[in-house]
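# Structure at a glance
Each chain, written out:
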Amino acid sequence: MLYTLILFAHIMSAILSIGPFFVLIPLLKRMEGVAENVLEAQIQIFKSAIRLVKHAGHVLVASGVLMIWLGYWPWSTSWIVMTLAIMFASVFFLARLSSRL
């Protein structure tokens, strides 16, 4: 029962961490040449969506770790190792990017 709940949280957080980008990309194109009050509203939508994606990503990572810990997959499984490698690489590159801004 607990594993099923964590699996549900993992799937929902994956949807919430990817889904808003399908709305944000067209929104960026619509932001060009609009009135300032409309632009401010669109920026607030953009910020809220980014905040949602960020928190959903945290739930995604935490639920993934819990599922591996409680499940029967060993940490040495190839797809788990590759997922961790990609996550650590992205943290490294994002840290480098933010240090240049």
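To start, this report covers the structure provided alongside it. Please read all numbers here as calculations on a predicted model, not as lab measurements. Throughout this description, residue numbers start from 1 for each chain and increase along the sequence as written. Local features in this predicted model are restricted to residues of pLDDT 70 or higher, and side-chain atom pairs are both shown and tallied only at a pLDDT of 80 or more, whereas totals for entire chains, interfaces and linings draw on every residue. Side-chain numbers here rest on the full set of heavy atoms in the structure, without hydrogens or water.

## Re the overall build of the protein chain
Cut-off, in case you're wondering: Secondary structure elements follow DSSP: runs of H or I no shorter than four residues count as helices, runs of E no shorter than two count as strands, and numbering proceeds from the N terminus. Within these notes, the globule rule equals 2.2 Å times the number of residues to the 0.38 power, and the radius of gyration is based on C-alpha atoms. Only protein chains enter the accessibility calculation, which uses a 1.4 Å probe; a residue is then buried when its area is under 20% of its type maximum, exposed when over 50%, and partly exposed in between. Whether two residues are in contact is decided by their heavy atoms: any pair within 4.5 Å suffices. Each accessible area is a Shrake-Rupley estimate made with a 1.4 Å probe; only the visible protein chains count as cover when residues are assessed.
Within the protein chain, the secondary structure is distributed over four helices and zero strands. Counting from the amino terminus, the protein chain carries its helices and strands in the arrangement α-α-α-α. The C-alpha atoms of the protein chain give a radius of gyration of 18 Å, which is well past the 13 Å a tight globule of 101 residues would have. Looking at the protein chain residue by residue over its 101 residues, the buried ones come to 17%. The long-range share in the protein chain, meaning contacts at least 24 apart out of those at least 6 apart in sequence, stands at 66%. Here the protein chain has roughly 7,900 Å² of accessible surface; of this, 76% comes from carbon and sulfur atoms.

## With respect to the packing of helix 2 (residues 21-30) against helix 3 (residues 36-70)
The relative placement of two packed helices is expressed as an angle between their axes plus a distance between the axes. Rule in force here: Axis angles are defined between N-to-C directions and span 0 to 180 degrees, where every axis is a line fitted to C-alpha atoms and, for a helix, only to the segment in contact. Should an angle lie under 35 degrees it is considered roughly parallel, over 145 roughly antiparallel, and from 65 to 115 roughly perpendicular; all remaining angles are considered oblique. Put simply, a crossing is left-handed when the front helix is turned counterclockwise from the back one by less than a right angle, and right-handed when it is turned clockwise. Residue classes follow a fixed rule: Ala, Val, Leu, Ile, Met, Phe, Trp, Tyr, Cys and Pro count as nonpolar, while Asp, Glu, Lys and Arg count as charged, and any other residue, Gly among them, counts as polar.
Between helix 2 and helix 3, the shortest axis-to-axis distance is 11 Å and the interhelical angle comes to 155°. Considering their axes alone, helix 2 and helix 3 lie roughly antiparallel with respect to each other. Both helix 2 and helix 3 take part in a crossing whose hand is left-handed. In this structure, helix 2 contributes Phe21, Leu24, Leu27, Leu28 and Arg30 to the contact, and helix 3 contributes Gln42, Ile45, Phe46, Ala49, Ile50 and Val53. Counted by class, the contact of helix 2 with helix 3 contains nine nonpolar, one polar and one charged residues.

## Looking at the packing of aromatic side chains
Short version of the rule: Stacked, tilted and edge-to-face are the three classes assigned to paired rings of Phe, Tyr and Trp, where Trp is represented by its six-membered ring and a pair needs centres within 6.5 Å; plane angles under 30 degrees give stacked, over 60 edge-to-face, the rest tilted.
Scanning the model with the defined rule gives three aromatic pairs in all. Between the aromatic rings of Tyr72 and Trp73, the centroid separation amounts to 5.4 Å while the plane-to-plane angle is 20°, which identifies the pairing as stacked. Residue classification places Trp73 among the partly exposed positions, given a relative accessible area of 35%. Both rings, one in Trp73 and one in Trp79, keep their centres 5.4 Å apart while their planes meet at 80°; by these two values the pair is edge-to-face.

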